[in-house]
Amino acid sequence: MAEYEVDELFTVPRERAVLVPGAVHVPGWLDPARQQRLVDVAREWVRAAPMEHKVLAGGGRMSVQSVMLGSGRATYGYGADGGCRAPELPDWLVALGARAVADAYLGDPGHDVGLPDAARLVRDFAPDSALVNFYDDAAHMGMHQDKDEFSAAPIVSLSLGDTCVFRFGNTETRAAPYQDVELRSGDLFVFGGPSRYAFHGVPKVLPGTGGRQLGLKNGGRLNITLRMTGGCGGR
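Draft legend 1. Structural detail: the overall build of the protein. Looking only at helices and strands, one finds three helices and 14 strands in the protein. Within the protein, buried positions represent 49% of all 235 residues. Relative to all contacts within the protein whose residues are 6 or more apart in sequence, the contacts with residues 24 or more apart total 75%. Counting every atom, the protein has about 10800 Å² of accessible surface; 53% of that belongs to carbon and sulfur.

The following block contains the structure:
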């Protein structure tokens, strides 16, 4: 059971939650050592392929800094493409993504995730790309759908550093209904099946809640999302 400190006086347990069928939040899934390893590896990635503020089609500049890594990055339209210098995904990270989906969908028989085909989704998940986003204190992410992938495989989101408010909505509109969830450092969020194309975003980051503990000098939130792009093309 994951726990977090409140005023350093007592702890409050956080339980895994199924927001809607296929959307699962697993608090504290990454232990501190694995969190630190991911931050250290992310530093190596961005030295080889620096992050950028993506410029949108309408001319707006995203407040989040991004880079796309892995074999599927060339056909991926959302994150900044790391180009030929961008590393491939290491085998251990591919395995971590596969374990994330397995733990989210099959790891707790007491929680029905609402997916009759959960075993198949777990068996078939093999990420080929990672979108790495960095949020400083002022950054946010508007409501959007992840539709650049040709594959409809689940999305695996790993949170590192400062806590954020993660807004998870519906598949039809950016507006309500939606649910707000606090994602803290080490938390896992997986969404697939009927919730795969739900609108989602990050309206705010909570400064000073975890980034400096992982060696992020100025704080901030690092988010790594593991994806199956499905090869050439896009959805």
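Draft legend 2. How the structure looks around helix 1 (residues 32-48). Between the first and last C-alpha of helix 1 there are 25 Å, a value that for 17 residues agrees with the 24 Å anticipated at 1.5 Å per step. Among the residues of helix 1, Gln35, Leu38, Val39, Val41, Ala42 and Trp45 are the ones counted as buried. Packing partners of the buried residues in helix 1 comprise strand 6 (61-70), helix 2 (91-106), strand 7 (129-135), strand 9 (155-161) and strand 14 (221-227).

Draft legend 3. Up close: the packing of helix 1 against helix 2. Between helix 1 and helix 2, whose axes approach to 13 Å, the crossing angle comes to 135 degrees. Judged by the angle between their axes, helix 1 and helix 2 are oblique. For the pair helix 1 and helix 2, the sense of crossing is left-handed. Taking contact as the criterion, the partners of Arg34, Arg37, Leu38, Val41 and Trp45 in helix 1 are, on helix 2, Trp92, Leu93, Leu96 and Arg99. Each residue belonging to the contact of helix 1 with helix 2 can be placed in one class, and the counts come to six nonpolar, no polar and three charged.

Draft legend 4. View of the side chain of glutamate 149. Mapped onto the fold, glutamate 149 is located in the loop between strand 8 (141-144) and strand 9. Among the polar contacts made by the side chain of glutamate 149, one reaches the side chain of arginine 196 at a distance of 2.9 Å. Separated by 2.6 Å, the side chains of glutamate 149 and arginine 227 make a polar contact.

Draft legend 5. Broad picture of the nonpolar core. Counting residues in hydrophobic clusters, the biggest one holds 41 residues, and the most contacted among them are Tyr105, Val156, Leu158 and Leu188. For leucine 158, the residues in contact, after removing those within four places along its chain, are Trp29, Leu30, Leu38, Leu96, Asp187, Leu188, Leu222, Asn223, Ile224 and Leu226. Listed in part, the 18 residues of the second largest apolar core include Leu19, Val181, Phe189 and Val202.

Draft legend 6. Spotlight on the environment of aspartate 137. Mapped onto the elements of the fold, aspartate 137 is located in the loop between strand 7 and strand 8. Considering only alpha carbons, one finds aspartate 137 and leucine 206, 69 residues apart in sequence, at a separation of 7.1 Å. Excluding its chain neighbours within four sequence positions, the residues that come into contact with aspartate 137 are Asp162, Val205 and Pro207.

Draft legend 7. Representation of the pattern of salt bridges within the structure. Under the criterion given, the structure shown has 12 salt bridges. Arginine 14 is the partner of aspartate 187 in a salt bridge, and the nearest nitrogen-oxygen pair spans 2.9 Å. Of the two residues, aspartate 187 is situated in the loop between strand 11 (179-183) and strand 12 (188-191) and arginine 14 in strand 2 (residues 10-14); the sequence distance between them amounts to 173 residues. Owing to a relative accessible area of 14%, arginine 14 belongs among the buried residues under this scheme. Notably, a salt bridge pairs glutamate 182 with arginine 184, separated by 2.8 Å at the nearest N-O pair. For glutamate 182, a relative accessible area of 35% corresponds to the partly exposed category. It is possible to trace a salt-bridge network through shared partners that takes in Asp117, Arg120, Arg123 and Asp124.

Rules used throughout
- Residues numbered from 1 in each chain as written.
- Predicted model: local features only at pLDDT ≥ 70, side-chain atom pairs only at ≥ 80, totals over all residues.
- Heavy atoms only, no water.
- Helix = DSSP H or I, 4+ residues; strand = E, 2+ residues; numbered from the N terminus.
- Buried < 20%, exposed > 50% of the residue type's maximum accessible area, 1.4 Å probe, protein only.
- Contact = heavy atoms within 4.5 Å.
- Areas by Shrake-Rupley, 256 points an atom, 1.4 Å probe, with all protein chains shown as cover.
- Expected span 1.5 Å × (residues − 1).
- Axes fitted to C-alpha atoms, helices over the stretch in contact; angles between N-to-C directions.
- Parallel < 35°, antiparallel > 145°, perpendicular 65-115°, else oblique.
- Left-handed = near helix turned anticlockwise from the far one by under 90°.
- Nonpolar A, V, L, I, M, F, W, Y, C, P; charged D, E, K, R; others polar.
- Polar contact = N/O pair within 3.5 Å; in protein donor to acceptor, adjacent residues only side chain to side chain.
- Core = buried A, V, L, I, M, F, W, Y, C linked by side-chain atoms within 4.5 Å.
- Salt bridge = Lys/Arg side-chain N within 4 Å of Asp/Glu carboxyl O.

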